[in-house]
Amino acid sequence: MKRTTGQNRAITSKWKPATQAIRGGTWRSEHGETSEAIFMTSGYCYDDAQTVAARFAEEEVGMTYSRLQNPTVQMLEERIALLEGAEACRAQASGMAAMTAALLCQLKAGDHVVAAKAAFGSCRWLVDNLLPKFGIETTAIEAAKNEEWEKAIRPNTRVFFFETPANPTMDLVDLNYVCGLARSRGIVTVVDNAFATPALQRPLDFGADIVAYSATKLMDGQGRVLAGAICGSEEFIEKTLMPFQRNTGPTLSPFNAWVVLKGLETLDLRARRQSENALAVGKFMEGRVAKILHPGLPSHPQHNLAMSQMKACGPIFSFIVDGGRESAHALLNALELIDISNNIGDSRSLMTHPASTTHHGVGPEVREDMGVVEGMLRINVGLEDPDDLIADLDQALTKVGL
Ligand SMILES: *Cc1c(COP(=O)(O)O)cnc(C)c1O
């Protein structure tokens, strides 16, 4: 392999994000291929026994097994780390593999976690079910209220865990305040940045310690593969995460890494355009539905905070229709262009009813408590022309009498 400038941090860290997203991490074989190669191999061969011994002893840098290192996966890790402004990154098999590893690698029985109550269903399941099963105490709070974080801290609090914006309530967390509070108390912040990606928000710039991703969403951006990533300091990634990852194996496939590398080339473009489209669609919907939850609109209670910590508000927003689940389902069924789908971050516009899909598993009480009401719908606004999307929503709303 040839070390290109893409692998030289001294150079790449000075590039702007759009350049990093295309060239960061690129590593070329002796063939000098233009785009990144896919190394579909589980293992590696060595010239002699001493070489492999030196690699296992960590005296020599090199590949030993694809659960631990793979050239395609390493290109992706380097690119994400650059975009995030992180010292290091490790790719994961999915977003949930990333969240699980980011929490379990650093927690032990007797520790306490404070988490945002408004969260993706599986993230909330980790907090409510998985961690307590291993003797880790958890408190779920109203994360948009700064004072709730301080109130929830106990002597054994080790981690703050949250999304901003949260899926699907679109609640924001004040990154500056919450990460600052955590730092001052020796608490590690784990931020699930799936809704924003580094193209729109970089939590490490606000003092976060760990950023964990579902790369399935905006990073892939075309709904093709599951992937995840964890970014943080070299020390955290190597000393805390790696012993966990090495031995439990939530490793990303080289093929999926290659798809996400390709997705990242257009991340900046897509994130900007989809944010613009989501704003246009949001403005239309604001006059037509009972309530809209879009941080990019002045009607959102945390609009000013959104503008201060995000470059743009991303492709996703939620809204609430009168008439509960029945109306919400009727509206989905009346769509002609926008697909009924619970995925997000895709270049296609997709809409889902969280209470009966992504948040079905947390149960009605938790849903009610986090504000996922029966009339709520969540839309991912894609790259189609927003006029076509607005026309589709208009005809669907009219058809169901909304
Ligand atoms: C989708 C999602 C996840 C889970 O990611 P997968 O790649 O589906 O495992 C975690 N957090 C948030 C906020 C998500 O939207």
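Structure's up top.
Residues numbered from 1 in each chain as written. Predicted model: local features only at pLDDT ≥ 70, side-chain atom pairs only at ≥ 80, totals over all residues. Heavy atoms only, no water.

In this structure, what is going on with the overall build of the protein? I would like to understand it.
When helices and strands are counted, the protein shows 15 helices and 14 strands. Over its C-alpha atoms the protein spans a radius of gyration of 21 Å, differing by no more than 12% from the 21 Å that the globule rule assigns to 402 residues. Each principal axis of the C-alpha distribution contributes one length, and for the protein these read about 75 × 50 × 35 Å. When the 402 residues of the protein are sorted by exposure, 56% land in the buried category. Long-range pairs, those at least 24 residues apart, make up 72% of the contacts in the protein with a sequence separation of at least 6. Counting every atom, the protein has about 16,600 Å² of accessible surface; 51% of that belongs to carbon and sulfur. Side-chain charges in the protein split into 39 positive and 48 negative, and the spacing between the mean points of these groups amounts to 3 Å. (Helix = DSSP H or I, 4+ residues; strand = E, 2+ residues; numbered from the N terminus. Rg over C-alpha atoms; globule rule 2.2 N^0.38 Å. Buried < 20%, exposed > 50% of the residue type's maximum accessible area, 1.4 Å probe, protein only. Contact = heavy atoms within 4.5 Å. Areas by Shrake-Rupley, 256 points an atom, 1.4 Å probe, with all protein chains shown as cover. Lys, Arg positive; Asp, Glu negative; His and termini not counted. Charge placed at Lys NZ, Arg CZ, Asp CG, Glu CD.)

Just to check I follow, could you spell out the site of the ligand for this structure?
Neighbouring the ligand are 16 residues, the closest being G95, D192, S214, T216 and K217. A distance of 2.6 Å is found between an oxygen atom of the ligand and a side-chain nitrogen or oxygen belonging to T216. In the model, an oxygen atom of the ligand is placed 2.8 Å from a nitrogen or oxygen of the K217 side chain. Relative to its unbound accessible surface of 380 Å², the ligand loses 92% to contact with the protein. For the shell around the ligand, the residue count by class is 8 nonpolar, 5 polar and 3 charged. (Near = heavy atom within 4 Å. Polar contact = N/O pair within 3.5 Å; in protein donor to acceptor, adjacent residues only side chain to side chain. Nonpolar A, V, L, I, M, F, W, Y, C, P; charged D, E, K, R; others polar.)

So what exactly am I meant to see when it comes to the side chain of Q106 here?
With respect to the helices and strands, the residue Q106 is situated in the loop between α5 (95–104) and β4 (112–116). At 3.0 Å, the side chain of Q106 and the backbone oxygen of A102 are in polar contact. Once residues lying within four places of it in the same chain are set aside, the contact partners of Q106 are D111, R158, V159, V188, V190, F236 and T240.

What is the right way to look at the side chain of Q20 in this model?
Checked against the element boundaries, Q20 lands in helix α2 (residues 17–23). When its relative accessible area of 5% is taken as the criterion, Q20 is described as buried. Polar contacts involving the side chain of Q20 include one to the main-chain carbonyl oxygen of T12, which spans 3.0 Å. Of the polar contacts made by the side chain of Q20, one reaches the backbone oxygen of W15; its length is 3.2 Å.

Sorry, what's going on with the sheet that holds strand β10 (residues 291–293) here?
In a beta sheet, neighbouring strands are held together by backbone hydrogen bonds and run either parallel or antiparallel to one another. One open sheet holds the 5 strands; their spatial order is β10-β11-β14-β13-β12, and the pairing between them is mixed. Among the strands making up the open sheet, the edge pair consists of β10 and β12 (339–340). As defined by bridge partners, β12 adjoins strand β13 (residues 350–352) across 2 bridges and the pair is classed as parallel. Directly across from I340, in β13, lies its bridge partner M351. (Pairing = 2+ DSSP bridges.)

Help me understand the packing of aromatic side chains in this model?
Any two aromatic rings considered together are summarised by their centre-to-centre distance and by the angle between their planes. Per the stated rule, a full pass over the model turns up 4 aromatic pairs. Aromatic side chains W149 and F162 sit 5.4 Å apart centroid to centroid with 70° between the ring planes, which places their arrangement in the edge-to-face category. Pair noted here: W149 is in helix α7 (residues 146–152) and F162 is in strand β6 (residues 157–163), with a separation of 13 residues, a long-range link. Accessibility classification places W149 together with F162 in one group, the buried group. (Phe/Tyr/Trp six-rings, centres within 6.5 Å; stacked < 30°, edge-to-face > 60°.)

Where do I start with the pairing of strand β5 (residues 137–141) in this structure?
A regular strand carries its side chains on alternate faces of the sheet. For β4 and β5, the ladder comprises 5 bridges, and the chain directions are parallel. Paired with A115 across the bridge in β5 is A140. At this point the chain moves from β4, through helix α6 (residues 121–133), to the parallel β5, and the crossover so formed is right-handed. (Right-handed = clockwise from strand over helix to strand, strands pointing away.)

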